[in-house]
Structures are given as C-alpha cells and as structure tokens.
2 protein chains.
Amino acid sequence: MAERTQMPFWGWGDPAHPRELPELAVAQLRETVGLAARARPPVALDAVRLPESRLPDAARSALAGVAGDAHLRVDRAARVLHAAGKSYPDLVRLRAGEPAHVADAVVWPGGADEVAAVLAACAEAGVAVVPFGGGTSVVGGVEPLAGDHAAVIALDLARLRALHALDEVDETAVLGPGLRGPEAEALLAARGYTLGHFPQSYEFATIGGYVATRSAGQASTGYGRIDENVLGVRFAAPTGEIDLPPRPASAAGPDLRELIVGSEGTLGVITAAALQIAPRPERARYEGWFFRSFAEGAQALRRLEQADAAPTVARLSDEAETRLSMLLAGAGGATAKAGRAYLRARRALDGCLAIAGWEGTEREVARRRARGAFALRRAGGVALGAAPGRAWERGRYAGPYLRDALLDHGVMVETLETATTWSNLEALHVAVGDALRDALTVRGTPPLVMCHVSHLYRSGASLYFTWLARQQEGAEIAQWRAAKTAACDAIMAGGGTITHHHAVGTDHAPWMPREIGPLGVEALRAVKERLDPSGIMNPGKLLPET
Amino acid sequence: MAERTQMPFWGWGDPAHPRELPELAVAQLRETVGLAARARPPVALDAVRLPESRLPDAARSALAGVAGDAHLRVDRAARVLHAAGKSYPDLVRLRAGEPAHVADAVVWPGGADEVAAVLAACAEAGVAVVPFGGGTSVVGGVEPLAGDHAAVIALDLARLRALHALDEVDETAVLGPGLRGPEAEALLAARGYTLGHFPQSYEFATIGGYVATRSAGQASTGYGRIDENVLGVRFAAPTGEIDLPPRPASAAGPDLRELIVGSEGTLGVITAAALQIAPRPERARYEGWFFRSFAEGAQALRRLEQADAAPTVARLSDEAETRLSMLLAGAGGATAKAGRAYLRARRALDGCLAIAGWEGTEREVARRRARGAFALRRAGGVALGAAPGRAWERGRYAGPYLRDALLDHGVMVETLETATTWSNLEALHVAVGDALRDALTVRGTPPLVMCHVSHLYRSGASLYFTWLARQQEGAEIAQWRAAKTAACDAIMAGGGTITHHHAVGTDHAPWMPREIGPLGVEALRAVKERLDPSGIMNPGKLLPET
C-alpha cells in the first residue's frame, strides 16, 4: 500500500504542520480561562503503557492467512496508532501515555472478500473487530473495546482505496471505504467531479467513516449530508453480505441503506459506497456577513433556506465565537482590521459574523449569490466582503491543530453539536451554553463557550459548541465528563438531537434511549443480533451496554 | 365521526362521479386491444360472497371495550369495504363478488392510545391487524390476511384526523394518519400552507398511508417524496410505542424514521406524522412540451434536474402514451387539435409529450420557469403552451375512474412502476415493455403498453407503465399474474427497483429478497420479530412468507 501521512498518536494531522497559538491569543487565554503553570507536552511513543497483545495464536494465524503476514501487525507503533480516535479524552489519555484500551492487533484486509474473511475468522475465534477508517472519531467510535471477547483487533480499511466506477450521466461514483477525503477528491477531480463533502476532519477522515457515522461537511447545506448522497452500499456483516446497488429512490419497504448508514461499525463493515457526485465548481466565493445578533442572523439564514436560496456554505457564529475569531484573525493582518473598523463605524462590534459561500459555475454563483445577498441584506445583514471568507477558508481544517497547541498550554478545548428546529434554536443555544458554564464554573474552571450554526435545513439547523477552560490537572477526564454530561442532558431536555454529525460512539451511547426511545433501541439491537450474533462488531458503541 | 364519501366496494372514488369512456376511445380500443362481447358490470353488494366473521367473542368484547360499540362493526357493508384495496386483481375479484379474503371485523379507534389498546387486545387474542387508511393500495397492502391467526380485523384510522400542530417558523405540521389528502390540504390551506403531496390516489389516500408506503406524488420532483418530508413520527407497535420528535437532521445512528416509513403496517401503526410543509403557492403554471423522442426528453429532464432547475411537476410520456393522451384529449376540443396541428406542422407527431409545472410565488414561478424553459428549449423541446398543462391538470386524478370504465368493457388496465439510474433508463423502459408485450401476446391478448417518467432525481428517474389488454374472461387473475411476473422479473433483471412509489404489499413481496438481498430480508424480519413477536401486524405483506 502507498505510504500516507500518519497522524501522531497524541494529536492531530500532519506531524510537520505547525501548531502554535498567536501570542495575542495566549495572552488573552491567560487572562480569561487561565493556562497551566508549565507546558504539558505529550509523552514519547516508547513511554506509552502498552499491555501484552491478547490475540490468540490461532486467530493470529487465521488473520495472517487471510490478509497476509505483512498486513497483520502487533508492534507498538501500529497498536498505539489504533488505540483511540481523536476525541478530547483520547488525547488527554494518549498525551499522558495512558490509553484506556489498546488494540491487540491491527489487520489491513486487501478487499471486500478479505474483509468478509476477517469477520468470519474473528467470529470463529471470538475476537472483537473495530472497523478503522481515518481514526478521526471524536466520540470514542474506534475505541478498541473487546466487550465479552478475549481480544480485539482494529480492522484498518486503508487498502480499500479504489474508485470502482464513475458515471458521468448519473453523476455517481462508487468509492472504496478507505479513501481519505483528499484522495477521493483527487480521483474525482481528475474526471471533473467533487463529492462536496468537507468536514473539519476532511484531510484524514475516510469515505467509509463518513457513511458509517452519518457525516455532514462544511458545504453540506449545498451538497447535502452524506446520508443524502448515499445511493447504494456494499456491506459485510459477520453473517453475510448486503449489496444495495445505487437506486435514485424506492418504495420497497423500510430503507435498508438508512440502517447501514450511521451503523458505526456495530453491524458490519462498509466495503464500498455508491455516492452522488457533482461537477467540480468552476468558482467558489466565500464572504463575510455581519448581523447585530445571533437571533437576527439565524432568522436570515432560515429565510434563505426556506426560500430555497441558501448558499453552499452557511455558517453563523454567535457573539462569543465572533469575538474570538476576530481576535485570532486580528493577529493576522489588515483585512480583519478593516472589517473591525467598518463594524465599529456601524457601532455594532458586539454582533455576529456569518460566512456565506457559493460554489458552482461562474454563472450559477453570480445568479445565486445575487439572490442570496439581496435576501441577507433585507434580513439585516451587512456585507463584509471576501476577506472574512478567505480567512474562514484558510482556517477551515485548522481547528484540531489548535487543539494540540491548547493542550500544550493546559487548556481544555472540546466541541459538541446538536440540531433542532428553528423555533427552538435560541432556547437550546442558551440552555447548552448555560449547562457548560455551570458545570465547569462549579469546578473552579469557568469556561469560554462559543457556538455556531453551520448546517441549514428547512425545519431547523445545527448548533456547534466549542468551549475552552483551564484543565484540572490530574482530573481532566472527570472535568470533561462533568461538562459533557451536563451539555448532553441539556440537549435532550431542550429538544435537540444528541448529535448532528459527530455520531454516537461510546460518548453519546448513554443518551440513545432518550434519543430514540427504549423500543427504538430494542429494534436496533434486534438487527444487531441478527447480523452479528456473536457480538464481535465494535462492542460498546452506538447503544448502551445491556 | 364526520360522514365522508365512501368509495364503492367494486371500484374507485366518488360513486357519483361519471366513469365513461369517450366514444372515440371505445372505437380505438375495439380496434386495438379488443373489447368484451358484452358489458361486464360489477355485482351488487348483497351478491358478494361473505364468510362468517371468525372474530372470537372475547376479542369482540375486548375491542368494543377499547373503541366503543359504535366503532366495531361486523356488518356486510363494513366488511366488504375493507376486504381489499384498489388493485386490478382486487377489483376483478370484487366486481365478480368473490373477494379473496374478508376482514372479520372493522375497528375505528379514537386516538393513539386506543390504537395501542387495540393492538394489545389483538396480540392477547391472537387476532391479526390490518391498518387501513384510505384503502387505496394497488399492491395488496390492505388485503385482510389472517396469517397464522384465527381472525383478522381491519383497523380503520378514519377517526385520527387531527391537525395536532402547525409551526409557521419551522414550516412543519403534525398530522393524524387518517386524514385524506384533501382534508389535510384544507387544514393546511386555512393557515396558508400545503404538504405538496399529490399522488393519483390523493382524493382518498391518507397521511398514514403516504408514510407507511413511502409514497411519492405528482409534484414530488418539487416538494419531495413523503420520506423526504417526514421529520418525526409517532408509532404504536404491539410491544410499545416509538415517538420520534421532529428533527431536521441527526447523526444518532441508523435512521429509525426510515425503518418506520415504508413499513406498510407490518411493524405497527403510524399514529401521527410530523411533516415538512411549504407556503401554499400563489401560482401554478403547468404547460406542455414536445420532444422528438423519449430519449431526447429524458435527457432534457436529466439536465434540468442536475442543474437544480427542475420544475415542481415533471412528466414525460413515451410515444405510445403520447398518442393515447392525444386521442383522449382529441375528444375534448380545440386546444388539443391546435397542438396536433402545430406538431404536424413540425413533422413530429410521433414524438413525446412532456408536462412541466412550476409552483410558488408569482416571482418564483416567473424566475424558475424562465430558467427551465430556456434549458428545455436548448435540449430540443418545443413549447406547446398552457393547454396541454390544463388538460393534464384536469385529468390528474381521473385515471382510476377510467379503469372502472375499462373494466365495464372487459379491458384489463394495470400500472406498475420502477426507478433506475439515468444511464439505465432507456434499456429498462424497453425491457419492461417487451416483457409485458411478450407475456400478454403469448396468451392471445396483445397489449397496448405505455410509459412515462414522472419523478426526477439527480441520479435517475421513475418509469411508470400502463398497459391495456382484452381481459381473458374466467382467467383474469392468471392473465394478470403472468404479465405482472414478467414485468417484475424484467425490472429486477434490468436493474430497477421493484417499486418506486406503489410499495410492496403482497404483490411485490416475492421480489424483496432480490431487491435487498437475503440478509437484508433477515434484518427486517429481526425488527419485525422484536416489535411484533406474535406476528399480528399485517401478515403476508412486505416480506415473503418463510
């Protein structure tokens, strides 16, 4: 297999990428949430506590027989790199050299048939299987839990990276699950197409991961969520295969695709996905807009969406997030300063920044942008021009690198997200913010809580929260759990969904009975028991333990 | 409950509605497919063979206790009206007074709690339950099969007709399942909204039926299929309730809504649905377009859809359907004649008629129509003006009345539908047409087969076939089954879905293992066994018998 950039076990992204905070931001954070007395760097790989591999010899032989010796590894580097995803607790634990769990081995099957054979071998041997795409889960989705089994392997899909088919008439492509976002885009771009799916994790997340977690990207207001773009799927479960060919629509009973999409590896492994693609845009125009309040901005976006005039990218920061992005951008130069000066002149510094982005042909962008801008202006928006759009574009995948930098300084940074109806948006925004502030203030670490809307639907929108707080050294996980629990309880009590695009994993599983009801949980368990009777598939994820 | 128009047991719609064929059509049919030697009218209600009700006394008392004596009926009229849906074989049997099965009783629960109590009583008594909305199924979806049980009741949802909520900010409404299309539209119209869902069965089909069968309407290219508009659902199964509140989007695992939508009463009963609504259009403009061939027209519609420029209503008849609609319209007067003259002048009479309809505000219609018309013209379309659009609008719900008239003349008329990708559309169009022609010609009843595209998706479209043939008297069902089987086999072999919007019922159940694979069937069975362990819910529908 081709060599690809591997993320460091303790953090995000390309190891060579700089991860430093602007001086101004460090000073500001020292004043507001507080920093650690001294830097808190991650441990070296050799210092990570690594239990013996528990993989039984028979299973090891069987797996090597399926995938080949070169594609079964039990060494430290492979096992630690598959010990966790990239959630805040994952990083806290790995930076300290104390992973919660470690895979007993990593297997790289070479195709759909080998995936099926790996599942058969593991079912036979009683070994749990964690499907592993980009390893970017922020909700514990790839935590190597063995459940009731003697051992657990990570099943890495990195070798399933084919573009199996591309149909220019139907604008569809069949893609391998192991393709990372940029790899898939490069294959499609060579033929003039795009998937249009750009989550913040885009540089490392995979097609299989998108589908398994019901992902949404930054441009999903325009291109649609991944679930809206899955036309067919090939799927290997321990009891057999399900192959749903691409179909534009069907009334043939419950939609099985929607049972596989979002199944998070708990039922089986996605071995190929037939996805809607779109012509690669000739032009992308991202620009900034300013609103006097979050409520005003949300109403403007709602009207745009309901008039079928929404841009491809639509994002609205609340007042707190607007202030912080101004601060971070402020380190960067003249354009942000010009924006601030303009807003000050309009006596409206304490408002909200929105990003609106249009993609398509030159003509489409011109036409749709004219219509959108007219509506935004009529709804109270002030155009800030292209500079804030360019700043957003430059930083669109940078968040996780900043997190590493903040962790070096002893600052907790975490995100969570939900969606609700427009009529409930502001109440939920307030309730979740309050829950986070209360839970962390009571522990002596008052947070900075920010939020944005980033996905529009006719009936509602997503809310994406980010918070910063000083880490409680030695009690980082308890501190995180207190904040997370308070926020999730507030989301459920406030009528939101427990997750809009991060998925369930281990972290949200306790809330699933409230999300879909006890009988809904039973229905999913019934499917699980039929497709995976020995319970080897990704134990402990999606549904709470019985 | 308020009195509503009841359909005749032997046919469609308002009994007072005329159902006669134009003289010209009768003459044409006599020449082409042939007519019966003498008229074949339906029998009177009293002549319908009616078995004794098998409902056990204990169950009868329990059900009367739940719904009240007035809402449990075992009389002839109630039982025969719930003996079948409105498929061709249903009508053949009922017109002859020989229903295949008859419900042992009909129960009208008064609300969601009573529905749950009816299910509990039936589970206790071992009585099968067939949820019954409009009774318009054309695939055997409401056939009162008892399965392994001693008796079967029809659970008529006519009393669940509330508009529970309407949110003008979110553009959502929560509707009772028993509301017929026009009833729901009237409630929404009073507040300025529409559901935008207009299947041919609109006048009698219900909200619950739409959702349970994954319905699509004539304007679904614009407003979306019902599955795209279900935001939440309240659902009673024999083992309990699932209540999914309206959520714009979620990544919380598999989408349970998509398991309930399309479940066709086999898992439980939809007791309320939260649906996306839209502002009632100020303006609707339907017009005719002409293409030299079906392939040319399909390509034009594909380009429109993929450029996000599709009209609200888009329909393209093939050459055979175009000829027949010209003929039927020809009975009607000058406008159609003018159209024919125009087309003849362009030497293109043997082409295809398309209907394009735009709905919205005056401005939206003007803007979208200008864009659509430009694209249609560029793709080879010739504008025929509003007259063909008006003719389509007048006849949009008339098809089932014509069927009754054709049956009087001994003419079989049946429809079936599928969907496939654009690149496969023409091959499937030919294959299904050939299969129908072969299967019926070999029986000595060569058919007239017509087809249209009526729902556009970015990756493909629906194909809706209608065929006419002389009935084989005394072997009507065998004749139908031969044609239906040939067409369904051709659909599956040709890469279509077994149904685009008619649903599965009994008629398509044998093809479900090919549609979703044996393991897909097992997954659905597992859910069924968990939600309905005694198997009382709508036996024999959706999945083949084991």
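Because the structure is a prediction, the values reported are computed rather than measured.

What counts, and where the lines are drawn
Residues numbered from 1 in each chain as written. Chains lettered and ligands numbered in written order. Predicted model: local features only at pLDDT ≥ 70, side-chain atom pairs only at ≥ 80, totals over all residues. Heavy atoms only, no water. Salt bridge = Lys/Arg side-chain N within 4 Å of Asp/Glu carboxyl O. Helix = DSSP H or I, 4+ residues; strand = E, 2+ residues; numbered from the N terminus. Buried < 20%, exposed > 50% of the residue type's maximum accessible area, 1.4 Å probe, protein only. Axes fitted to C-alpha atoms, helices over the stretch in contact; angles between N-to-C directions. Parallel < 35°, antiparallel > 145°, perpendicular 65-115°, else oblique. Left-handed = near helix turned anticlockwise from the far one by under 90°. Contact = heavy atoms within 4.5 Å. Nonpolar A, V, L, I, M, F, W, Y, C, P; charged D, E, K, R; others polar. Phe/Tyr/Trp six-rings, centres within 6.5 Å; stacked < 30°, edge-to-face > 60°. Pairing = 2+ DSSP bridges. pLDDT = per-residue confidence, 0-100. Buried area = accessible area lost by both parts, 1.4 Å probe. Polar contact = N/O pair within 3.5 Å; in protein donor to acceptor, adjacent residues only side chain to side chain.

### A few points about the pattern of salt bridges
So, step 1. Using the criterion set out here, one finds 60 salt bridges over all chains in the structure.
So, step 2. Across the pair Asp404(A) and Arg19(A) runs a salt bridge, and its minimum N-O distance is 2.4 Å. Here Arg19(A) lies in the segment before helix H1 (23–32) and Asp404(A) lies in helix H16 (residues 399–408), a separation of 385 residues in the sequence. Residue Asp404(A) shares its accessibility class with Arg19(A), and that shared class is buried.
So, step 3. One salt bridge in this structure joins Glu515(A) and Arg247(B), with 3.2 Å as the shortest N-O distance. Residue Glu515(A) is found in helix H19 (residues 512–531), and its partner Arg247(B) is found in the loop between strand E9 (240–244) and helix H10 (257–260); the two belong to separate chains. For the pair shown, Glu515(A) and Arg247(B) are each scored as buried.
So, step 4. Members of the salt-bridge network, linked through shared partners, are Arg214(A), Arg225(A), Asp227(A) and Glu258(A).

### Considering the packing of helix H17 (residues 425–441) of chain A against helix H18 (residues 476–493) of chain A
All names here are of chain A.
So, step 1. Interaxial distance between H17 and H18 falls to 8 Å at its minimum, and their mutual angle equals 155 degrees. By the angle class used here, H17 and H18 are roughly antiparallel. Judged by the twist between their axes, the crossing of H17 over H18 is right-handed. Judged by residue contacts, Leu-428, Ala-431, Val-432, Ala-435, Leu-436, Ala-439 and Leu-440 of H17 engage Gln-479, Ala-482, Ala-483, Ala-486, Ala-487, Ala-490 and Ile-491 from H18.
So, step 2. Residues of the contact of H17 with H18, tallied by class, amount to 13 nonpolar, 1 polar and no charged.

### Looking at H16(A)
Residue and element names in this part refer to chain A.
So, step 1. Burial analysis of H16 places 7 of its 10 residues in the buried class, which makes it a mostly covered element.
So, step 2. Restricting attention to buried positions, one finds in H16 the residues Pro-400, Tyr-401, Arg-403, Asp-404, Ala-405, Leu-406 and Leu-407.
So, step 3. Lining the buried residues of H16 we find H1, helix H4 (88–95), strand E16 (411–421) and strand E18 (460–470).

### Points about the packing of aromatic side chains
So, step 1. In the structure shown here, the tally under the stated rule is 8 aromatic pairs over all chains.
So, step 2. With 5.1 Å between their ring centres and 70 degrees between their planes, Phe198(A) and Tyr202(A) make a pair best called edge-to-face.
So, step 3. When its relative accessible area of 12% is taken as the criterion, Phe198(A) is described as buried.
So, step 4. Since its relative accessible area comes to 11%, Tyr202(A) is described here as buried.
So, step 5. With a centroid separation of 5.1 Å and an interplanar angle of 70 degrees, the aromatic rings of Tyr286(B) and Trp392(B) are classed as edge-to-face.

### Things to note about the sheet that holds strand E1 (residues 72–73) of chain B
Paired through their backbone hydrogen bonds, the strands of a sheet run either parallel or antiparallel.
All names here are of chain B.
So, step 1. What the 4 strands build is an open sheet, ordered E1-E2-E4-E3; its pairing is mixed. At either margin of the open sheet sits one strand with a lone partner, and together these are E1 and strand E3 (127–132).
So, step 2. Bridge count for E3 against strand E4 (residues 151–156) is 6 bridges, and the pairing is parallel. Note that in E4 the partner of Val-129 across the bridge is Ile-153.

### Focus on unusual backbone geometry
All names here are of chain A.
So, step 1. Even without a glycine there, the phi angle at Arg-214 is positive, about 55 degrees.
So, step 2. Within the fold, Arg-214 resides in the loop between helix H7 (207–213) and helix H8 (220–223).
So, step 3. The backbone of Glu-264 sits at a positive phi, close to 55 degrees, despite the residue not being glycine.
So, step 4. Summarising the element assignment, Glu-264 is placed in the loop between helix H10 (257–260) and strand E10 (269–276).
So, step 5. By relative accessible area, which is 8% here, Glu-264 ends up buried.

### Observations regarding the confidence of the model for chain A
So, step 1. The predicted model of chain A averages 95 in pLDDT, with 96% of residues at 70 or higher.
So, step 2. For this predicted complex, the interface score ipTM comes out at 0.95, alongside a pTM of 0.96.

### Overview of the interface of chain B and chain A
So, step 1. Between chain B and chain A, the residue contacts involve 77 residues of the former and 77 residues of the latter.
So, step 2. Among the residues of chain B in contact with chain A, Pro254(B), Leu519(B) and Arg530(B) are the three that bury the most area, contributing 12% of the side total.
So, step 3. At the surface where chain B touches chain A, the tally comes to 6 salt bridges.
So, step 4. The interface formed by chain B and chain A includes 30 residue pairs in polar contact (both at pLDDT 80 or more).
So, step 5. Contributions of two or more residues to the side of chain B that touches chain A are made by strand E8 (230–237), E9, H10, helix H11 (294–306), helix H14 (362–378), strand E16 (411–421), strand E18 (460–470) and helix H19 (512–531) of chain B.
So, step 6. With 14 residues, the top contributor of residues to the side of chain B that touches chain A is H19(B).
So, step 7. A per-class count over the side of chain B that touches chain A returns 34 nonpolar, 23 polar and 20 charged.

### Thoughts on the pairing of strand E5 (residues 163–167) of chain A
Residues and elements named next belong to chain A.
So, step 1. As paired strands, E5 and strand E6 (residues 172–175) are joined by 4 bridges and run antiparallel to one another. The partner of Leu-163 across the bridge, within E6, is Leu-175.
So, step 2. If you look at the hairpin formed by E5 and E6, you'll find 4 residues sitting between the two strands, and Glu-171 has a positive phi there, around 55 degrees.

### A look at the sheet that holds strand E2 (residues 105–107) of chain A
Residues and elements named next belong to chain A.
So, step 1. In space, the 4 strands of this open sheet follow the order E1-E2-E4-E3, with mixed pairing throughout. If you trace the sheet from one side to the other, it starts and ends with strand E1 (72–73) and strand E3 (127–132), each paired once.
So, step 2. Where E2 meets strand E4 (residues 151–156), 3 bridges bridge the pair, whose relative direction is parallel. Looking at the pairing, Val-106 lines up with Ala-154 of E4.

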